[in-house]
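Each chain, letter by letter, is given below.
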Amino acid sequence: MQTTDSRLNVLLSILLFLPLLAFSFQTGGTPSQDSLAVKKPEPISVDRLVAEMEDLRSLINLNSKKIIPSARLQRIDSLYPIYKELISNEETKAREFMVSNPNQQKINYLIKRWEEYQVQLTGWETEITSYVERNLRLLEVFQSESEVWNLTYERAVENQVPTELLSNVSSATDNLNTIEKQIKDYNFGFLRLQTRINRLRQTVVEIVQALYDKRGSETYDLLYHRHPPIWQVTPKAEPAGQETGIGQESLADNGMRISELFQTYREKLYLLLIFGLVLGFFIRYLKRQLVRTIGQEAAGKTTAESYLLFRSPALVIAFILIFTGMLQLLGGARFLEDILILTLLFLSILLINYQIPGRFKGLIYSSILFFALDSVKTYLWFESLHYRIYMLTEALILAGVVFYFTRPYLKTREQMISSIGRFMIRLVPLAYLLSAVSIISNILGYSNLSDLALKISTKSGISAIIAYAIFLVFQSVIVSWLEQRFLNSANPDLSQMEFLKKRIILFLRYGVLFFFLLGFLNVIDELRNMMEFLSSLLTEPFVVGNLKFTLGSIFMFVLILLLSYVVSRLVAFLIGDQYGLLPFFKLPKGIPAAISLVLRYSIMVFGVVIALSYLNVDLSEFNLMAGALGLGIGFGLQTVIANFVSGLILVFERPILPGDTIEVNNLMGKVSKIGVRASSISTYDGAEVVVPNMNLVSNDLINWTLSDSIKRVEILVGTTYDADPNQVLAILKECATGFDYVIKEREPVALFTAFGESSLDFRLLFWVPFEIGLMAKSDVSVSIYNAFREAGIEIPFPQRDVHIKNLPPGTVPPKDGTT
């Protein structure tokens, strides 16, 4: 224990100075001039010139190809004039378009198209920036080499080295100068291109903002009377350049933009492909494990959370892949987004189909029709009257489809068993109401209200179907992984598994509901307004005394701390000893717990540092406080820090592990948790005892299950002097070997130990798993008693003769004469 105490003192001393060292290295210390001095380049010695020239030649050959612009950058250079002309023409059309009286659907379409231009130009700028930054790093390398070789040339001239060698050095310096000039020329050229692209992007940003301002004008208020009643409208040609033809694109323009977007998202698509392969293997692995752990029949029940993964693993993989791809392509081509959403909707219907009863399934399938009808308004351009007739027709179709698949309403409502079915059937009256509002407002000329009511009734239903499918898919994957991890462990805690399943399902529900609400706000074109309001609110500065802060900084501070805690707990579970991923690597017992502990607290510390940065807290201002804190720790918190360091010793040295049975300070129980300050021990009486870690390190500790989990059981028994010792030894050994749980590798031993005062004393020793030690001793003792009884062997009890010298007066002696 002296070695352990000295180690503890050393670690405690180091820990006491850690705050001072950390703050000193950050800003407190003043480095010397020698440490600040940049190492000056030195010429190469003559004897190393040949070898260094070979290295320089390899360096130039290796990096000369890197500085040449890629085919992608050259394509950007050639496409810029085309895009400039295209955007110039589209700008003219857009400004003419905004002067006219377009409907909101057309404005949304045009906003989306201009945002595609913005994404494309931003991607170009990013690629050029990455190329220029890489060239600058190479330029630093070559400039450093150039200084060295220039000095080498001067030294070679002074030393009058051979002419051929001097020529080689001169050639090396010329090559370095040439490649430096080449890098600078390429950088200057692409920086000029980036500047032109940036100016073009600013034009795009202005057009997008102008379109948003147009959409937010009074003309597009909900109750604005944009058109006369439909019976008063007479068909007539609209003025040229107002609505017809505005926004139409050639197939070549569309193809070029889509092709460029694919080039922009090329790396993301490669990552998506790799993700799809990994996801496929993971889902197939989960399905096999699921069948092995809970059985094919249990996994195939429609009420099981893992049903989707068991029944349709290919659909699950495709759904997650399409959903991830849609998230990656946000802000891309509208046509591609619509294709992905349509595919996602179709997969969603297939996934949730088993929970939709009866004719109501037809209503779910009809959502594809309404998605197509709504998308047509995006790609086809109508005159005002034709657009109103189209919306009127769509609203009538919606009301008719809902009526056909839900009649009679009350009877259909009673047939709904699943939660999604009950939820959707309750929305049927709302669908009727929105259809009626759309029809009536359209007839009366309130086109904005009609359009909004129709979008809410169709797009919200489509979003609800996709959101519910997202919930079911992620629930199936996460719950399946959780079940197989728990059920594959040696001693699964089923109550903890059910608790985690409920928490995960609850978290998924709230998460899906949150994103559904964001999607609903986007449907009614209020998401941008809400984001601008929150941004304005969170960035508003407040001053209290000398302290300046914003609500956004406080929100981010709290959010990062919360996320750090959640992520640390999640990491601890994912790589833990029992249910985590690290047991796959067959690490020694306790190593996963040590890794989990280090990662958990590293994440927490890292999170605290990032959170403080959002509050603009300068840690250098705490130098003095750090010194005071270190002094306070040294004098006032020695016990706390000693327990903390002892916890680290327990984690890394692993003298005890969770699940071990230990005995310390007359306390025996099973280690349930090893913390950084104290550890929890569950006694066999049901008590949970919290023991400071220092007590476990500094005191004598018995670990019954550190190297193995077997225990030697000892049974002492005596017989009368009439018994045959050989027969007794045979019976004792036979009784011990008669139980299956007695370990056969360590043969039971029966010993004749002593001639007692009233018995022959015997001792039986055998080994059993530690967990059943008490039960084994009881079973073998009962077996010995029964065997002795059958063999006629008596177990004596102590007998004593008591002689009474004097009886109290009046006491009558026993009649049998005994004393």
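Everything that follows concerns the structure shown earlier in this document.
The notes below deal with the structure included here. (Residues numbered from 1 in each chain as written. Predicted model: local features only at pLDDT ≥ 70, side-chain atom pairs only at ≥ 80, totals over all residues. Heavy atoms only, no water.)

### A few points about the pairing of strand β3 (residues 661-664)
Right, on to step 1. Taken together, the four bridges between β3 and strand β4 (residues 667-674) define a ladder with antiparallel strand orientation. The residue bridging Glu 663 from the neighbouring strand is Met 668, located in β4.
Right, on to step 2. Hairpin connection between β3 and β4: a loop of two residues separates the two successive antiparallel strands, and Asn 665 in this loop has a positive phi of roughly 50°.
Right, on to step 3. When β3 meets strand β7 (residues 701-703), the two strands line up antiparallel, connected through three bridges. (Pairing = 2+ DSSP bridges. Helix = DSSP H or I, 4+ residues; strand = E, 2+ residues; numbered from the N terminus.)

### Focus: the packing of aromatic side chains
Right, on to step 1. Taken as a whole and judged by the stated rule, the model has 11 aromatic pairs.
Right, on to step 2. A ring pair is formed by Tyr 83 and Trp 124, whose centres lie 4.9 Å apart and whose planes are at 65°; its orientation type is edge-to-face. Taken together, the positions of Tyr 83 in helix α4 (residues 71-99) and Trp 124 in helix α5 (residues 104-159) put the pair 41 residues apart, joining distant regions of the chain.
Right, on to step 3. Classification of Tyr 83 as buried rests on a relative accessible area of 1%.
Right, on to step 4. Judged by relative accessible area, Trp 124 falls into the buried class, the value being 0%.
Right, on to step 5. Chaining the aromatic ring pairs together yields one cluster made of Phe 752, Phe 755 and Phe 762.
Right, on to step 6. Stacked on the ring of Tyr 212, the Lys or Arg Arg 528 has its end atom at 3.6 Å from the ring centre.
Right, on to step 7. Here Lys 711 stacks its cationic end above the ring of Trp 704, 5.6 Å away from the centre of that ring. (Phe/Tyr/Trp six-rings, centres within 6.5 Å; stacked < 30°, edge-to-face > 60°. Buried < 20%, exposed > 50% of the residue type's maximum accessible area, 1.4 Å probe, protein only. Lys NZ or Arg CZ within 6 Å of the ring centre and 35° of its normal.)

### Some words on the nonpolar core
Right, on to step 1. The biggest cluster of nonpolar side chains holds 62 residues, and the ones touching the most others in it are Val 316 and Phe 319.
Right, on to step 2. With 15 residues, helix α18 (residues 447-487) is the largest single contributor of residues to this core.
Right, on to step 3. Once residues within four sequence positions are removed from consideration, Phe 319 is found in contact with Leu 344, Leu 347, Ser 348, Leu 351, Ile 466, Ala 469, Ile 470 and Val 473.
Right, on to step 4. Judged by nonpolar contacts, the second largest core, of 30 residues, contains Tyr 117, Leu 193, Leu 200 and Val 208. (Core = buried A, V, L, I, M, F, W, Y, C linked by side-chain atoms within 4.5 Å. Contact = heavy atoms within 4.5 Å.)

### Quick word on the pattern of salt bridges
Right, on to step 1. In total, this model carries 14 salt bridges according to the counting rule given.
Right, on to step 2. In this structure, Asp 185 engages Lys 181 in a salt bridge whose closest nitrogen and oxygen atoms are separated by 3.0 Å. A residue pair is termed a helical-turn pair when its members lie 3 or 4 positions apart in one helix, as Asp 185 and Lys 181 do in helix α6 (residues 163-215) at four residues.
Right, on to step 3. Look at Asp 185 and you get partly exposed, because its relative accessible area is 41%.
Right, on to step 4. Assessed through its relative accessible area of 53%, Lys 181 is described here as exposed.
Right, on to step 5. For Lys 501, the salt bridge is made with Glu 483, and the minimal N-O distance between the two is 3.0 Å. One end of the pair, Lys 501, is in helix α19 (residues 494-523); the other, Glu 483, is in helix α18, and 18 residues separate them in sequence.
Right, on to step 6. Look at Glu 483 and you get buried, because its relative accessible area is 8%.
Right, on to step 7. Three or more residues are tied together by salt bridges with common partners; here these are Glu 483, Glu 498 and Lys 501. (Salt bridge = Lys/Arg side-chain N within 4 Å of Asp/Glu carboxyl O.)

### Things to note about the packing of α18 against α19
Right, on to step 1. Running from N to C, α18 and α19 cross one another at 160°; their axes reach a closest spacing of 9 Å. Between α18 and α19, the interaxial angle falls into the category roughly antiparallel. Relative to α19, α18 is oriented so that their crossing is right-handed.
Right, on to step 2. Residue composition of the contact of α18 with α19, grouped by class: 21 nonpolar, four polar and five charged. (Axes fitted to C-alpha atoms, helices over the stretch in contact; angles between N-to-C directions. Parallel < 35°, antiparallel > 145°, perpendicular 65-115°, else oblique. Left-handed = near helix turned anticlockwise from the far one by under 90°. Nonpolar A, V, L, I, M, F, W, Y, C, P; charged D, E, K, R; others polar.)

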